[in-house]
Amino acid sequence: MEQAVSQEQARTSTIPLEGYDIIMLALPRFDGPYASNSYSIAREFAKTHRVFLIDNPYTIKDYLSERKQPTVKRRKEALLKGKNIYYKPEGVEGDLTVVTPKLVYPINWMNPGGLYESLSKINDKIVYKTIERILRDHNVERFMYFNSYHPLFGKYFPDSWQPDFDVYHCMDDVAHSEYLDRHGPEREDYLVARADLTITTSRELCRLKKKASDKVVYLPNAAYSHIFRKAVENDLPRPEEMKGLEGKKVIGYTGNLDTRPNYPLIRKVAEQHKDKVIVLVGPRNSKEIKEQRLDEMDNIIFTGSKKLEELPGYLKYMDAVMIPFKCNTLTRSIYPLKINEYLAAGRAVISTRFSEDIQDFEEVIRLADSEDEFVRLAGEAAEGSTNEEIKKRMAVADSNTWEKRVKQFWQLVAERTESLQ
């Protein structure tokens, strides 16, 4: 079994690459509709290094369809003219700058072949020119390049491309991602083979990526425990969508409502627990929600997307929370961000047994081997938790914070740079 860096190693490690800057490219945008581990890592890096986080490049198609959105309006001059490309996010401890490249061509829909490769070279040139500008504008001399799960960029960076340390961050099985499955696998294998270090968020991904390189290690996701502990420790107001639910048992879910949840299972929970309310917090990105007619059910509430800082206010008023993921090839490689968030909030968790990594939490969560068992366990979990159970969950989450995880990362970098000397 692949192992992450131990807690003892993390405590004794020092921060390597002192004086180096960090240039990151990430698939999730920092101000996207749901929390991302890429942005969490960037924020931790910024406490000890100067960090330049390059936005997932907007395509021309993205701009035309989203140009009226506030997030795109703020980036307009950068996207169209290459002006005002730097942005300092609020509330970040340290030195973090978000960088917006100019528009790129929308080519992900194309089949592999000569035209795709030609346009991919042009897109890579646009992103590389942004990197060159960062190096020039900010007098960057030595830097680590950290590609956080964006395999579609970087294959055609010029031969002169020589970061002092090159990291690839693998978060999902690209071969089974609706957005990345067409071109992602080939591109990702190239980037993994080139990298000085590849970190994966699940053991399954670690095994898969070791086929492309022997410089691959397992480093799971984490959480901002101090934020989610507020669900237990703070007197938070009841969210507007949950007013009127006093006296009712609530089973919740927080996160992207995409292809991963098992929507027939969610429907079954709602049907067999009509005395309870199901609250789903997150952006709706699956047609299955309509197909299963979940939005027509009287005891299901959709809140839409919420900021990370708002989630404890919802979790506080949930009696139990669920991870109703499908059990398939994609979810087999997932270590969900939400598990440590749920535990930090002290909530009782019910989950399908979708991955090897989720089983690490079996002592503090309820794992179901069938849909009927999931429904039954959901009912049991909603009946309440003891103070001892809540404290035990929070203690597990406290061992999986982003601060500790990034310390583990630096230990891995130290070991790798020593081997390169």
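Definitions and cut-offs
- Residues numbered from 1 in each chain as written.
- Predicted model: local features only at pLDDT ≥ 70, side-chain atom pairs only at ≥ 80, totals over all residues.
- Heavy atoms only, no water.
- Helix = DSSP H or I, 4+ residues; strand = E, 2+ residues; numbered from the N terminus.
- Expected span 1.5 Å × (residues − 1).
- Buried < 20%, exposed > 50% of the residue type's maximum accessible area, 1.4 Å probe, protein only.
- Arc of directions from axis to C-beta.
- Contact = heavy atoms within 4.5 Å.
- Patch = residues over 30% accessible without salt bridge, like charges linked within 9 Å, V, L, I, M, F, W, Y side chains within 5 Å.
- Areas by Shrake-Rupley, 256 points an atom, 1.4 Å probe, with all protein chains shown as cover.
- Salt bridge = Lys/Arg side-chain N within 4 Å of Asp/Glu carboxyl O.
- Axes fitted to C-alpha atoms, helices over the stretch in contact; angles between N-to-C directions.
- Parallel < 35°, antiparallel > 145°, perpendicular 65-115°, else oblique.
- Left-handed = near helix turned anticlockwise from the far one by under 90°.
- Nonpolar A, V, L, I, M, F, W, Y, C, P; charged D, E, K, R; others polar.
- Disulfide = S-S within 2.5 Å.

Draft legend 1. Expanded view of helix α15 (residues 387-398). Here α15 spans 16 Å end to end across twelve residues, near enough to the 16 Å set by a 1.5 Å rise per residue. Three or more residues of α15 are buried, namely I390, R393, M394 and A397. Mapping the buried residues of α15 onto a view down its axis gives an arc of 95°, with all of them on the same face. In α15, the exposed positions that point more than 90 degrees away from the buried face belong to E388 and K391. In this structure, the buried residues of α15 make contact with α8 (225-228), α9 (230-233), α13 (338-344), β13 (348-352) and β14 (366-368).

Draft legend 2. Region of interest: a nonpolar patch on the surface. A cluster of nonpolar side chains, I60, L64, Y105 and I122, forms an exposed patch at the surface whose accessible area comes to about 340 Å². With respect to the element layout, Y105 can be found in the loop between β4 (95-99) and α5 (114-137). Y105 gets classed as partly exposed once you look at its relative accessible area, which sits at 37%.

Draft legend 3. Spotlight on the packing of helix α10 (residues 263-272) against helix α14 (residues 371-381). Taken N-terminus to C-terminus, the directions of α10 and α14 make an angle of 50°; their axes are 10 Å apart at the nearest point. The orientation of α10 relative to α14 falls into the category oblique. As for how α10 packs across α14, the hand of that crossing is right-handed. On the side of α10, the interface is formed by L265, K268, V269 and Q272, while α14 contributes E371, D372, F374, V375 and A378. Of the residues belonging to the contact of α10 with α14, the class tally is five nonpolar, one polar and three charged.

Draft legend 4. How the structure looks around the state of the cysteines. This structure, assessed with the given rule, holds zero disulfides. Cysteine C206 shares no disulfide, and the gap to the nearest cysteine sulfur, in C170, comes to 9.4 Å.

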